[in-house]
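Chain and residue survey
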Amino acid sequence: PELDGRIEPIVTHAPRRKRVNGEVVEEYVAVRDRVEKLARRVYRWVKLRRKKNSEKKVAIIIYNYPPGEHNVGSAAYLDTLASLEALLKALEERGYAVKPLTREELKSLISGYLVNSPTWSQHAGDVPRLPVAEYVEHFRSLPGAEEVVRTWGQPPGSINVDGDSFIIPGVVLGSVFIGVQPPRGVHEDSSKLYHSKDLPPHHQYIAFYYWLREVFKADVIVHLGTHGTLELMPGKEVGLSSRCWPDVLIGEVPHVYVYHVTNPSEMTIAKRRGYAYVITHGTPPFTDAGLYGEYAELEQLLSEYVGERDPGRRRILESMIREKCKALSLGCGDYE
C-alpha cells in the first residue's frame, strides 16, 4: 500500500478467532481508540483541503543539529533557508496570509532570534509563550507522563522555561509559524540522543508540539528537510498506539515532510511513525566549476606537457610550468 501512496498507517482492527457451534471462525474486531484517531485525522485532511488558503495556519519546523547557533536550519542535501524563502513566496502567491522574507532576512532572524538552548530566554524578545500552568494540566492527562517525570523530573523542568511560561522558539509571520524543533535533550554528545529509542521527550519538547496543536492551532505541520526527531520518539515500530510518543505529539494535525529522495529507510519511519505525507526532493545539481586566470593557464601547460613527446619542447614546457607555479606560490613536484 505504501508504494501506492497510501498514508496514515493506523491499525484500526485486528482478527480474532472464536468457536461457533463447534467450529473456529475468524472475525475482525475494531480497536476503538484507533478508529477514532484515524477518523479525526481524515477529518483534518478534508478540512485542510476545503478551508480557504487565507484562513489556513501553517507551522514550518526546521532543525538545530548538532545543537548550536551555527547549525540552526541545517538539513541533509537541502539549502533550508533558500527553500524556506521560496516556500513563503509560494504561500503568499496562493493566498496565504504570510509576510515573505528573503534568505538573508531569515538567516539573520534565526541566528539572532530562534536560538534553542537552555539559556534561550536571555535572547528572547517578542516570542510565543505557553503558560506553565496550562502545560501542567495537559501533561497530567498524557499516558506517558510517568516516564517523562522519571527521566526529566517534575514539570516544567529547566529547558526554555522563563518564569511562569515556556518559551516557544519561533516566530509568527501572519498565519505561518516558523519554529526550531527542540533538541532531544541536553547532553555532551547529542548524537547519542538523536536516534534514541528509549528517551522520552522532555517537557519543553512536549510543550512545543502542544502549542502548535492547541494554541497556534496549526492546520498543517511541515517538517522542512531530512530529518527531525519526532518520528524517532519511543513507542512501537509500526501500528502505533495512543501511548506511543509520535502519536501523542502529532495529534490529529496533518503532517507534511520534505525529505531527501535517497533516504527511503528513514523516510519510511517518518511515514509509519509520524503519519507524514512525504514530499521528496533530489540532490542539488553539481557541476565542474572550472579554473580561472593563471590557474587555467597552468592546467593548459600541464596538459600540453603530458601529451608532448619532443624532449626540447618538454623542457620548455617544464620551465614555463615551474615559473607559473612560482608565480602562484605552488610547489612543483616531479612531473615525470
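The structure this text deals with has already been given above.
In this text the structure is predicted, and so the values were computed from the model without any measurement. (Residues numbered from 1 in each chain as written. Predicted model: local features only at pLDDT ≥ 70, side-chain atom pairs only at ≥ 80, totals over all residues. Heavy atoms only, no water.)

Checked against the element boundaries, arginine 322 lands in helix α11 (residues 311-327). Put simply, arginine 322 and leucine 298 are 24 residues apart on the chain and 9.5 Å apart in space, counted from C-alpha to C-alpha. (Helix = DSSP H or I, 4+ residues; strand = E, 2+ residues; numbered from the N terminus.)

Turning next to the packing of helix α10 (residues 293-307) against α11. Running from amino to carboxyl end, α10 crosses α11 at an angle of 155°, the nearest separation of the two axes being 10 Å. Relative to α11, the element α10 is oriented roughly antiparallel. Judged by the sense of rotation from one axis to the other, the crossing of α10 with α11 is left-handed. Two secondary-structure elements touch here, α10 through Glu294, Glu297, Leu298, Leu301, Leu302, Glu304, Tyr305 and Val306 and α11 through Arg313, Arg314, Leu317, Glu318, Met320, Ile321, Lys324, Cys325 and Ala327. Taken together, the residues of the contact of α10 with α11 sort by class into ten nonpolar, no polar and seven charged. (Axes fitted to C-alpha atoms, helices over the stretch in contact; angles between N-to-C directions. Parallel < 35°, antiparallel > 145°, perpendicular 65-115°, else oblique. Left-handed = near helix turned anticlockwise from the far one by under 90°. Contact = heavy atoms within 4.5 Å. Nonpolar A, V, L, I, M, F, W, Y, C, P; charged D, E, K, R; others polar.)

With that settled, the discussion passes to the sheet that holds strand β9 (residues 220-224). Taken in spatial order, the six strands line up as β7-β8-β3-β9-β10-β11 in an open sheet, and their pairing is mixed. The outermost strands of the open sheet, each flanked by one partner alone, are β7 (170-173) and β11 (276-281). Adjacent strand axes in the sheet meet at a mean angle of 20° when their direction is disregarded. Pairing between β9 and strand β10 (residues 255-260): four bridges, direction parallel. Of the residues in β10, the one forming a bridge with leucine 224 is valine 258. (Pairing = 2+ DSSP bridges.)

Close contact between helix α4 (residues 132-139) and helix α7 (residues 203-215) brings their axes to 11 Å; oriented N to C, the two are set at 95°. Taken together, the axes of α4 and α7 are roughly perpendicular relative to one another. Touching Glu134, Tyr135, His138 and Phe139 of α4 are His203, Ile206, Ala207, Tyr210, Arg213 and Val215, all from α7. Tallied by class, residues from the contact of α4 with α7 come to six nonpolar, two polar and two charged.

Moving on, we get to the nonpolar core. Core analysis: the largest hydrophobic core is formed by 34 residues, its most contacted members being Phe177 and Leu212. Mapped onto this core, the elements with two or more residues apiece are β3 (58-62), α4, α5 (145-152), α7 and α8 (245-250). The leading source of residues in this core is α7, at eight residues. Judged by nonpolar contacts, the second largest core, of 27 residues, contains Leu101, Val180, Val222 and Val258. (Core = buried A, V, L, I, M, F, W, Y, C linked by side-chain atoms within 4.5 Å. Buried < 20%, exposed > 50% of the residue type's maximum accessible area, 1.4 Å probe, protein only.)

Moving on, we come to the pairing of strand β2 (residues 23-30). Little of β2 sits inside the fold, with zero of its eight residues counted as buried. Note: strand β1 (residues 13-20) against β2, eight bridges, orientation antiparallel. Paired with lysine 18 across the two strands is valine 25, which belongs to β2. Taken together, β1 and the strand that follows it, β2, pair antiparallel across an intervening segment of two residues, in which asparagine 21 is found at a positive phi of about 50°.

For the largest pocket, the calculated volume is near 500 Å³. The wall of the largest pocket is formed by 19 residues, among which Leu87, Leu91, Val222, Val256 and Ile279 lie closest to the centre. Contributing elements (two or more residues each) for the lining of the largest pocket: α1 (32-50), α2 (80-93), β9, β10 and β11. In terms of residue count, the dominant contributor to the lining of the largest pocket is α2 (four residues). Residues of the lining of the largest pocket, tallied by class, amount to 13 nonpolar, three polar and three charged. Along the walls of the second largest pocket sit 21 residues, with Arg40, Arg213, Glu214, Gly251 and Glu252 positioned nearest its centre. Every element with two or more residues in the lining of the second largest pocket is listed here: α1, α7 and α8. The element contributing the most residues to the lining of the second largest pocket is α1, with seven residues. Among the residues forming the lining of the second largest pocket, the class breakdown is four nonpolar, three polar and 14 charged. (1 Å grid on protein atoms, 1.4 Å probe; cavity = no way out; pocket = protein on both sides within 12 Å on 5 of 7 lines; lining within 4 Å. Points joined across faces, edges and corners; volume = space filled by probe spheres on them.)

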